[in-house]
Structures are given as structure tokens and as C-alpha cells.
Amino acid sequence: MLDYSYMDIFIPRDLTREAARQLLTEHAEYGQWELARVRLHPDGSRHVRLRRKVMRVRRTL
């Protein structure tokens, strides 16, 4: 069974689409995060949930 860790990001309405894309791209490239969910609120702000797999290490001895 896979376990995930989650990170929530709030993107305000005055942030440009290009800046939001760059922010999410950096999280994906350097933090190994993937997009799980995007909520667009009526005021134009966005709530983004990112996830990544949790690495479980087993003992070898």
C-alpha cells in the first residue's frame, strides 16, 4: 500500500498564471511533488494540494 504526504498551497487571486505555474513547477522538480487537487474559489483564488510518496525503509538485518 502506498502512503502519501500532502502539502496545501493557497494561491491568491492577484498572482499571475505564469507565476503560479512557476511555483508549482519548482515544487514538482525539486521536491518531487505531484498535483493531487486544485480548487478554484469564486473570488479567483486557488487552493492547490500536492502529494508525494512516502519512502518506507525496511530493516535488512
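These figures come from a predicted structure and were not determined experimentally. (Residues numbered from 1 in each chain as written. Predicted model: local features only at pLDDT ≥ 70, side-chain atom pairs only at ≥ 80, totals over all residues. Heavy atoms only, no water.)

1. Points about the pairing of strand S2 (residues 34-40)
Consideration 1: Pairing geometry for S2 and strand S3 (residues 46-53), over six bridges, is antiparallel. Note on S3: the bridge partner recorded for Arg-39 is His-47.
Consideration 2: Hairpin remark: S2 followed by S3, antiparallel, with five residues in the connecting loop; positive phi at Gly-44, about 100°. (Pairing = 2+ DSSP bridges. Helix = DSSP H or I, 4+ residues; strand = E, 2+ residues; numbered from the N terminus.)

2. Things to note about the pattern of salt bridges
Consideration 1: Going through the model one piece at a time under the given rule, you end up with four salt bridges.
Consideration 2: A salt bridge links Arg-21 to Glu-18, with the nearest nitrogen and oxygen atoms 2.4 Å apart. Residue Arg-21 and its partner Glu-18 are located together in helix H1 (residues 17-31), separated by three residues, close to a single helical turn. (Salt bridge = Lys/Arg side-chain N within 4 Å of Asp/Glu carboxyl O.)

3. Describing the side chain of Ser-45
Consideration 1: Structurally, Ser-45 is set in the loop between S2 and S3.
Consideration 2: Among the polar contacts listed, one links the side chain of Ser-45 to the side chain of Asp-43, at a separation of 2.8 Å.
Consideration 3: Ignoring sequence-local partners within four residues, the contact set of Ser-45 consists of Phe-10, Ile-11, Pro-12, Arg-13, Arg-39 and Leu-40. (Polar contact = N/O pair within 3.5 Å; in protein donor to acceptor, adjacent residues only side chain to side chain. Contact = heavy atoms within 4.5 Å.)

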